[in-house]
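# Observations on the model geometry
Residue strings, one per chain:
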Amino acid sequence: MEEVGIDISDKFTTPLTPEVLASADLVITMGRSVGQIEIPSTARHLDWRVGDPAGAELDEVRRVREDIDRRVNQLREKVQT
């Protein structure tokens, strides 16, 4: 992420607790790698199969990052229209 000017050194993963999910309008999973979770019926759910960068070669990590970036930008464009 540093390559693209994003500092994530102080970031951490938010656990997907029932309380966090209950407050979400949109839940995006990535291949269900988070395990079994109960998506609230009030939330829109998207499952993005982007690949797992954990332990992958740098080129694969970059590909996954770029794929996620592209999808986020597409989603943002849809929301703004």
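Residues numbered from 1 in each chain as written. Predicted model: local features only at pLDDT ≥ 70, side-chain atom pairs only at ≥ 80, totals over all residues. Heavy atoms only, no water.

### Observations concerning the overall build of the protein
Scanning the protein from terminus to terminus reveals two helices and two strands. Seen in sequence order, the protein has helices and strands lined up from the N terminus as α-β-β-α. If one aligns the C-alpha atoms of the protein with their principal axes, the spans along those axes are about 35 × 30 × 25 Å. For the protein, buried positions account for 20% of its 81 residues. Taking the intrachain contacts of the protein between residues at least 6 apart in sequence as the baseline, contacts between residues at least 24 apart amount to 18%. In the form shown here, the protein has an accessible surface area of approximately 6,500 Å², with 52% of it arising from carbon and sulfur atoms. Across the protein, 11 positive and 16 negative side-chain charges occur, with their mean positions spaced 6 Å apart. (Helix = DSSP H or I, 4+ residues; strand = E, 2+ residues; numbered from the N terminus. Buried < 20%, exposed > 50% of the residue type's maximum accessible area, 1.4 Å probe, protein only. Contact = heavy atoms within 4.5 Å. Areas by Shrake-Rupley, 256 points an atom, 1.4 Å probe, with all protein chains shown as cover. Lys, Arg positive; Asp, Glu negative; His and termini not counted. Charge placed at Lys NZ, Arg CZ, Asp CG, Glu CD.)

### What about the nonpolar core?
With six residues, the main nonpolar core is built from Leu21, Ala24, Val27, Ile37, Ile39 and Ala43. Setting aside chain neighbours within four positions, we find Leu21 in contact with Leu16, Val27, Ile37, Glu38 and Pro40. Membership of the second largest hydrophobic core comes to five residues, among which are Trp48, Val50, Val64 and Leu75. (Core = buried A, V, L, I, M, F, W, Y, C linked by side-chain atoms within 4.5 Å.)

### Brief notes about the layout of surface pockets
Put simply, the largest pocket is a space of about 340 Å³. Grouping the constituent residues of the lining of the largest pocket by class yields 11 nonpolar, one polar and five charged. (1 Å grid on protein atoms, 1.4 Å probe; cavity = no way out; pocket = protein on both sides within 12 Å on 5 of 7 lines; lining within 4 Å. Points joined across faces, edges and corners; volume = space filled by probe spheres on them. Nonpolar A, V, L, I, M, F, W, Y, C, P; charged D, E, K, R; others polar.)

### Here's the deal with the environment of Glu66
Note on placement: Glu66 falls in helix α2 (residues 58–80). Note: C-alpha distance between Glu66 and Val50 (16 residues apart in sequence) is 9.7 Å.

### Quick notes on α2
Its 23 residues give α2 an end-to-end C-alpha distance of 33 Å, which sits within 8% of 33 Å, the value for a rise of 1.5 Å per residue. Every buried residue of α2 is listed here: Val64, Arg65, Asp67, Arg71 and Leu75. Along its buried surface, α2 packs onto β1 (26–29) and β2 (44–47). (Expected span 1.5 Å × (residues − 1).)

### Looking at the side chain of Arg65
Mapped onto the elements, Arg65 comes out in helix α2. Arg65 has contacts with Met1, Glu3 and Val4, leaving out every residue within four places of it along the chain.

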